[in-house]
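Residues per chain are reported as follows:
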Amino acid sequence: MQYVKWQALCTYDFGAFHVSVQSVTRPAGFTVEHKKRGRGSSGILLVTEGSLCFQQEGLPDLMVTQNDLCLLPQDCRYHLRFCGRENSIILLNFTLMAPNGEPIIPGEDVQLLQSPVTDPKPLRFFEALPDRLDASEPAAPIRGKEQLYRLFSILFDEVQISLAPQPKFAGIAPGVQLLEQTFLENRPIA
């Protein structure tokens, strides 16, 4: 099993499996328990209304509210409480595998990816997910993988923008980009 920072996933070759979507509304006080066994799959969650509180052992409570996007890694152990009067979420569940069949887990703890999501692209994407992943259609498994890769592409585009070279690093930026693009090649240092 490989634990990988989610931002680094764009440098890995991986396959997505067991992609599904849940769109649910829960009342205040509703809880979800993943402390004993941990999550069975990874997930990316968008809070569309209300607020949630994630409690993880040894970490401060993590509050997520409307339009927050967070990552729920596979095997992560937590207790989740729905806190708002009306709470609605859209959750995209998935498992990732390396080409050698080894599971890839994006992170070890629940983490906020964007708070709040300000770009309308991911919001529109999540709102359309339940219709796009109708499990009764024969092509649903393939469409699910397509949607997950599309979401990663949207998120990685934003990561690349936020990690754009700063002026003081402009001199080495071309070298870093070359290494990122050709990391498997044997290149001379010069």
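Notes on the structure follow. Given the structure is predicted, the values throughout are model-derived calculations rather than measurements.

### Focus: the sheet that holds strand β8 (residues 79-82)
- Read across the sheet, four strands follow the order β3-β8-β5-β6 without closing on themselves; strand pairing throughout is antiparallel. Both edges of this open sheet fall to β3 (31-33) and β6 (62-65), since each of them pairs with a single strand only. Across this sheet, the average inter-strand angle for adjacent strands is 15°, counted without regard to direction.
- With four bridges joining them, strand β5 (residues 51-55) and β8 adopt antiparallel strand pairing. Counterpart to Cys-53 in the pairing with β8 is Arg-81.

### Looking at the pattern of salt bridges
- Tallying each qualifying case throughout the model produces one salt bridge.
- Between Arg-150 and Glu-146 there is a salt bridge, and its shortest N-O distance comes to 2.9 Å. Of this pair, Arg-150 and Glu-146 both sit in helix α2 (residues 140-162), four residues apart, which is roughly one turn of the helix.
- You can call Glu-146 partly exposed: its relative accessible area is 36%.

### Here we look at helix α1 (residues 120-132)
- Across its 13 residues, α1 extends 18 Å between first and last C-alpha, which sits within 8% of the 18 Å expected from 1.5 Å per residue.
- Taken as a whole, α1 has its buried residues at Pro-122, Leu-123, Phe-125, Phe-126 and Leu-129.
- Of the residues that open α1, the one with a side-chain oxygen 3.0 Å from the backbone nitrogen of Lys-121 is Asp-119.

### As for unusual backbone geometry
- Along the chain, Ser-115 connects to Pro-116 via a cis peptide bond; the corresponding omega equals -20°.
- Mapped onto the fold, Pro-116 is located in the loop between β11 (111-114) and α1.
- In this structure, Asn-67 takes a positive phi of about 70° despite not being glycine.
- With respect to the helices and strands, the residue Asn-67 is situated in the loop between β6 and β7 (69-72).
- Taking the relative accessible area as the measure of exposure, Asn-67 reaches 24% and is therefore partly exposed.
- If you check the backbone angles, Asp-75 has positive phi at about 70° while not being a glycine.
- Looking at where Asp-75 falls in the secondary structure, it is placed in the loop between β7 and β8.

### A closer look at the side chain of Thr-95
- Position of Thr-95 among the secondary structure elements: in strand β9 (residues 86-97).
- Thr-95 sits in the buried class, given a relative accessible area of 11%.
- In this view, Thr-95 contacts Gly-15, Ala-16, Phe-17, His-18, Gly-40, Ser-41 and Gln-74; residues no more than four positions away in its chain are not counted.

### Re the pairing of strand β10 (residues 103-106)
- Where strand β1 (residues 2-4) lies against β10, three bridges are found, and the strand directions are parallel. Looking at the pairing, Gln-2 lines up with Ile-104 of β10.
- Sheet analysis places β9 next to β10, joined by two bridges and oriented antiparallel. Bridge pairing in β10 places Met-97 opposite Pro-103.

### Things to note about the packing of aromatic side chains
- Counted by the stated rule, this structure contains seven aromatic pairs.
- Aromatic side chains Phe-94 and Phe-152 sit 5.7 Å apart centroid to centroid with 85° between the ring planes, which places their arrangement in the edge-to-face category. Pair noted here: Phe-94 is in strand β9 and Phe-152 is in helix α2, with a separation of 58 residues, a long-range link.
- Relative accessible area serves as the criterion here: at 4%, Phe-152 is assigned to the buried category.

### A word on the nonpolar core
- One finds Ile-44, Leu-92, Leu-96, Phe-126 and Phe-152 to be the most contacted residues of the largest nonpolar core, which totals 30 residues.
- Those elements giving two or more residues to this core turn out to be β2 (15-27), β4 (42-49), β7, β9, α1 and α2.
- No other element matches the six residues that α2 contributes to this core.
- Counting 16 residues, the second-largest nonpolar core is a separate cluster that includes Val-47, Leu-72, Leu-80 and Ile-89.

The rules behind these values
Residues numbered from 1 in each chain as written. Predicted model: local features only at pLDDT ≥ 70, side-chain atom pairs only at ≥ 80, totals over all residues. Heavy atoms only, no water. Pairing = 2+ DSSP bridges. Helix = DSSP H or I, 4+ residues; strand = E, 2+ residues; numbered from the N terminus. Axes fitted to C-alpha atoms, helices over the stretch in contact; angles between N-to-C directions. Salt bridge = Lys/Arg side-chain N within 4 Å of Asp/Glu carboxyl O. Buried < 20%, exposed > 50% of the residue type's maximum accessible area, 1.4 Å probe, protein only. Expected span 1.5 Å × (residues − 1). Polar contact = N/O pair within 3.5 Å; in protein donor to acceptor, adjacent residues only side chain to side chain. Contact = heavy atoms within 4.5 Å. Phe/Tyr/Trp six-rings, centres within 6.5 Å; stacked < 30°, edge-to-face > 60°. Core = buried A, V, L, I, M, F, W, Y, C linked by side-chain atoms within 4.5 Å.

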